[in-house]
There are 2 protein chains.
Amino acid sequence: MHEIREFRESDWAAVWSLLRATFAAGDTYTFPPDSTEADIRKAWIETPTRTFVVEGASGALLGTYFIKANQPGLGNHVCNCGYVVAPEARGQGIATIACEHSQKVAAELGFRAMQFNFVVATNEGAVRLWQKLGFEVIGRLPGAFRHRRLGFVDALVMFKTLVPADVVYHPPP
Amino acid sequence: MHEIREFRESDWAAVWSLLRATFAAGDTYTFPPDSTEADIRKAWIETPTRTFVVEGASGALLGTYFIKANQPGLGNHVCNCGYVVAPEARGQGIATIACEHSQKVAAELGFRAMQFNFVVATNEGAVRLWQKLGFEVIGRLPGAFRHRRLGFVDALVMFKTLVPADVVYHPPP
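The shown structure was predicted, so the numbers you read here are calculated from the model rather than taken from an experiment.

*Asks:* Before we move on, could you go through the interface of chain B and chain A and cite the residues and values that matter?
*Replies:* Taken residue by residue, the interface counts 32 residues in chain B and 32 residues in chain A. Carbon and sulfur atoms make up 66% of the area that chain B and chain A hide from each other, which totals about 2,700 Å². At the boundary of chain B with chain A, the tally comes to zero salt bridges. Counting every contact that joins chain B to chain A gives 15 residue pairs in polar contact (both at pLDDT 80 or more). When residues of the side of chain B that touches chain A are traced back to their parent elements, those giving at least two are strand 5 (113–120), strand 6 (136–147) and strand 7 (151–161) of chain B. For the side of chain B that touches chain A, the residue count by class is 18 nonpolar, eleven polar and three charged.

Rendered as structure tokens:
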């Protein structure tokens, strides 16, 4: 059994450990492999609107994601999320449940679409999964990522409309 | 005659006045139309790597642009710029000389490509100009901009490679 719940302060040590290892690999996110704890805390916890964790039955951290507006002001009806799954929890559908959860949270927060700005093209499992979950590749950024092992590789912009454009928009109060 | 030079502290009053009026129109940038001076100063002057102004013969401010990395860490070889031209200086090629200048600055700073994340599709003059200057539309974000008069309109992701991928990369020291 997995539980998804909001991040709590007591989760930070485990979240940071997972994020540090993920970014150190330099194959999926642009965060500098030697990012400081403060920088990553700001990006994953402080800047986002909400941060969630996926917890296993034993209380182990299986994954985490954040959600935030992708642009300020007149573009803040489109959200952006970042997901990380623990290596030992791969193949259990954690990314799927996290992404589906984030789409529900997005709707609750009043977002109308979700955009991924920078999906590394060689991360084929992620690209396929996001496509399966309804995201479309709307653009390819040539050589935009310096993969730690592969050198310059492309990054993809992916997008999913959550609320059709003909549904009336009520800006946040 | 136009001169392009680096922003100086004494330029701020004129730059802020131009930016405030531009963003208040709500037809080209996502900055909230009621953004505070501090927020815009941060976005246009403090966060970017460099900010420039275009000055007319009389010393009048004709335009301004910034340049910065578009992503942190492993994506920081692609830069991003934002340009604003004074309404009274339209049609004089100010955006062209600013964009050409920014591409030279980008090369000097070691950037290998330039990306515009959010060109409002109804801003057709800008789209055409960037295409003329070698930028390609690599993606279209459906309904991603809430145009103040037109409602939801698309935004474009545009990209130009400045240094071919087969040229050896020397990361900043």
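Still more to cover.
*Asks:* How would you summarise the pairing of strand 2 (residues 50–55) of chain A if you had to cite specific residues and measurements?
*Replies:* All names here are of chain A. Extensive coverage of strand 2 is indicated by the burial of five of its six residues. Note that strand 1 (residues 3–6) and strand 2 share four bridges and pair antiparallel. Across the sheet, residue Glu3 finds its bridge partner in strand 2, namely Glu55. When strand 2 meets strand 3 (residues 61–69), the two strands line up antiparallel, connected through six bridges. Pairing of Val53 across the sheet is with Thr64, part of strand 3. The hairpin formed by strand 2 and strand 3 contains five residues between the paired strands, and Gly59 there has a positive phi angle of roughly 90 degrees.

*Asks:* Can you tell me about helix 3 (residues 94–108) of chain A, naming the residues and giving the values?
*Replies:* All names here are of chain A. Compared with an ideal rise of 1.5 Å per residue, which puts 15 residues at 21 Å, helix 3 spans 21 Å between its outermost C-alpha atoms and is within 8% of the ideal. Residues Ile94, Ala95, Thr96, Ala98, Cys99, Ser102, Gln103, Val105 and Ala106 constitute the buried set of helix 3. Directly beyond the C-terminal end of helix 3, a positive phi value near 90 degrees is found at Gly110.

*Asks:* How would you sum up the relation of the copies chain B and chain A? Please name residues and give values.
*Replies:* A rotation about some axis, followed by a shift along it, carries one copy of the chain onto the other. When chain B is fitted to chain A, the residual RMSD is 0.0 Å, and the transformation amounts to a turn of 180 degrees plus an axial shift of 0.0 Å. Here the copies are linked by what is in effect a two-fold axis. No C-alpha of chain B lies nearer the rotation axis than that of B:Gly139, which sits 2.1 Å from it.

*Asks:* Can you break down the pattern of salt bridges residue by residue, with the values?
*Replies:* Residues and elements named next belong to chain A. Under the counting rule described, the total for this entry stands at twelve salt bridges over all chains. As a salt-bridge pair, Asp11 and Arg5 come within 2.8 Å of each other at their nearest N and O atoms. Under the relative-accessibility criterion, Asp11 is labelled buried at 11%. A single salt-bridge network, built from bridges that share partners, covers Arg5, Asp11 and Glu55.

*Asks:* Tell me what's going on with helix 4 (residues 124–132) of chain B, and back it up with residues and numbers.
*Replies:* All names here are of chain B. Looking only at helix 4, the buried set comprises Ala126, Val127, Leu129 and Trp130. Mapping the buried residues of helix 4 onto a view down its axis gives an arc of 165 degrees, with all of them on the same face. Set apart from the buried face of helix 4 by more than 90 degrees, the exposed residues are Glu124, Arg128 and Lys132. Buried positions along helix 4 lie against strand 4 (78–85), helix 3 (94–108), strand 5 and strand 7. Just downstream of helix 4, Gly134 is the residue with a positive phi angle, here 100 degrees.

Conventions used here
Within every chain, residues take consecutive numbers counted from 1 along the sequence as written. Key to labels: chains lettered from A, ligands numbered from 1, both in the order written. Local features in this predicted model are restricted to residues whose pLDDT is 70 or higher, and side-chain atom pairs enter the listing and the counts only when it is 80 or higher, whereas totals over whole chains, interfaces and linings include all residues. Only hydrogens and water are set aside when side-chain values are computed; all heavy atoms of the structure are taken into account. In what follows, a contact means two residues having at least one pair of non-hydrogen atoms within 4.5 Å. For any pair of parts, buried area is found by adding up, for both, the accessible area (1.4 Å probe) each one loses once the two are put together. Salt bridge, as used here, is a side-chain nitrogen of Lys or Arg placed within 4 Å of a carboxyl oxygen of Asp or Glu. Counting of polar contacts relies on pairs of N or O atoms within 3.5 Å, with two restrictions inside protein: one atom must be capable of donating a hydrogen and the other of accepting it, and residues adjacent in sequence are counted only when both atoms are side-chain atoms. By definition, any uninterrupted DSSP run of H or I lasting at least four residues is a helix, any uninterrupted run of E lasting at least two residues is a strand, and each is numbered from the N terminus. Polar here means any residue outside two lists: the nonpolar Ala, Val, Leu, Ile, Met, Phe, Trp, Tyr, Cys and Pro, and the charged Asp, Glu, Lys and Arg; Gly therefore counts as polar. Burial classes: relative accessible area under 20% of the type maximum marks a residue as buried, over 50% as exposed, and values in between as partly exposed (1.4 Å probe, protein chains only). Here, a strand pair is defined by DSSP locating no fewer than two bridges between the strands. In this scheme, a helix's expected span is set at 1.5 Å multiplied by one less than its residue total. When the copies are superposed, the least-squares fit takes in the C-alpha atoms of residues with a pLDDT of at least 70 in both. Of all possible arcs, the one meant is that of the directions from the helix axis to the C-beta atoms.

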